[in-house]
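Below, each chain spelled out in residue letters.
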Amino acid sequence: MQVAVVTFDGFNELDSFIASAIINRCRKDGLEAFITTPTPQVTSMNGVEVTGQRPMEFVTEADVVLIGSGVKTRDVVADDRLISRLPLDPARQLIGAQCSGALVLARLGLLNDMPACTDVTTRPFVEARGVTVLDAPFHAEGNIATAGGCLASQYLATWVITRALGTDAARGAIGYVAPVGEQQETVERALRAVHAGEAVRG
């Protein structure tokens with residue numbers, strides 16, 4: 001399974017890199033993430049220049065699409081041409097959004113009456129699109145998930161790995177990146193957040 005981590009100019013490094021790095025711990029099991037960009041190079045909110053691993057067109061063939069966050073997301077959703085390059089299909093793809101990525105899902109009409117998680121700064125803009133924002137780090141319904149807060153990207157990765165490969169694979173990946181001496185605590189927190197986010201509708 002291939003994962004497109006959609007990364008726009010002005011992106012938040014934590015949002016794109018944490019999710020992709022954790023998911024790529026499962027590369028040997030056939031799950032692989034790629035930084036996917038609308039232009040060959042993008043620059044992060046802190047000036048880090050990155051060359052995309054896949055072009056935006058990759059989203060049509062990816063099994064999973066994660067929409068990253070950044071300081072220019074409102075510009076993204078205002079750009080009809082750029083939005084048209086994201087023909088996502090929740091019937092066949094797992095689709096997730098990190099922080100302001102929820103604004104992109106709302107713009108694409110993928111949230112419908114589903115509540116979402118996002119960051120504090122983006123919250124009013126998501127709510128202005130008629131979406132209920134939860135005071136929670138993670139929420140999923142069916143094949144769509146949202147996460148709020150940079151470090152909640154680990155929950156988005158946990159969700160993807162669990163759905164693709166099962167709980168044991170998620171335990172292994174999160175346990176690998178967890179702080180030494182806190183592996184079990186970190187794994188259980190991630191699984192608990194994902195389980196709670198899937199079980200309860202806000």
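A brief structural summary. Please read all numbers here as calculations on a predicted model, not as lab measurements.

Attention now goes to the pairing of strand β9 (residues 144-147). Every second residue of β9 is oriented toward a common face, with Ile-144 and Thr-146 on one face and Ala-145 and Ala-147 on the other, all of them buried. Direction of pairing for strand β7 (residues 94-98) relative to β9: parallel, over a ladder of four bridges. Within the sheet, the bridge partner assigned to Gly-96 lies in β9 and is Ala-145. A loop of two residues connects strand β8 (residues 138-141) with β9, the two strands running antiparallel in sequence, and Gly-142 in this loop sits at a positive phi of about 60 degrees.

This part covers the environment of Thr-39. Relative to the assigned elements, Thr-39 resides in the loop between β2 (32-37) and β3 (41-43). A relative accessible area of 38% places Thr-39 in the partly exposed class. When the C-alpha positions of Thr-39 and Pro-137 are compared, they lie 30 Å apart, and in sequence the two are 98 residues distant. Looking at Thr-39, its side chain comes within polar contact range of the main-chain oxygen of Gln-41, at 2.7 Å.

Counted under the stated rule, the structure contains two cavities of 30 Å³ or more. For the largest cavity, the calculated volume is near 40 Å³. The wall of the largest cavity is formed by Phe-8, Asp-9, Phe-11, Gly-68, Ser-69, Gly-70, Val-71, Lys-72, Thr-73 and Val-76. For the lining of the largest cavity, the per-class residue count stands at four nonpolar, four polar and two charged. The calculated volume of the second largest cavity comes to roughly 30 Å³. Among the secondary structure elements, those contributing two or more residues to the lining of the second largest cavity are α1 (13-23), β6 (64-67) and α6 (153-165). By residue class, the composition of the lining of the second largest cavity is five nonpolar, three polar and one charged.

Before going further, it helps to spend a moment on the packing of aromatic side chains. Enumeration according to the criterion identifies three aromatic pairs in this entry. Taking 5.6 Å as the distance between ring centres and 85 degrees as the angle between the ring planes, the aromatic pair formed by Phe-34 and Phe-58 counts as edge-to-face. Of the two residues, Phe-34 is situated in strand β2 and Phe-58 in the loop between β5 (54-55) and β6; the sequence distance between them amounts to 24 residues. Look at Phe-138 and Trp-159: their rings are 6.3 Å apart centre to centre, the planes differ by 55 degrees, and that puts the pair in the tilted class. Taken together, the positions of Phe-138 in strand β8 and Trp-159 in helix α6 put the pair 21 residues apart, joining distant regions of the chain. Note on Trp-159: relative accessible area 0%, which makes it buried. Sitting above the plane of the Phe-58 ring, Arg-54 keeps its charged end 5.7 Å from the centroid.

Take the state of the cysteines next. Throughout the structure, instances matching the rule amount to zero disulfides. Free of any disulfide, Cys-117 has its nearest cysteine sulfur in Cys-99, 9.8 Å distant. Owing to a relative accessible area of 0%, Cys-117 belongs among the buried residues under this scheme. Just so you know, Cys-150 is unpaired, no disulfide at all, and the nearest cysteine sulfur is the one on Cys-99, 5.0 Å from it.

Quick notes on the rules
Residues numbered from 1 in each chain as written. Predicted model: local features only at pLDDT ≥ 70, side-chain atom pairs only at ≥ 80, totals over all residues. Heavy atoms only, no water. Buried < 20%, exposed > 50% of the residue type's maximum accessible area, 1.4 Å probe, protein only. Helix = DSSP H or I, 4+ residues; strand = E, 2+ residues; numbered from the N terminus. Pairing = 2+ DSSP bridges. Polar contact = N/O pair within 3.5 Å; in protein donor to acceptor, adjacent residues only side chain to side chain. 1 Å grid on protein atoms, 1.4 Å probe; cavity = no way out; pocket = protein on both sides within 12 Å on 5 of 7 lines; lining within 4 Å. Points joined across faces, edges and corners; volume = space filled by probe spheres on them. Nonpolar A, V, L, I, M, F, W, Y, C, P; charged D, E, K, R; others polar. Phe/Tyr/Trp six-rings, centres within 6.5 Å; stacked < 30°, edge-to-face > 60°. Lys NZ or Arg CZ within 6 Å of the ring centre and 35° of its normal. Disulfide = S-S within 2.5 Å.

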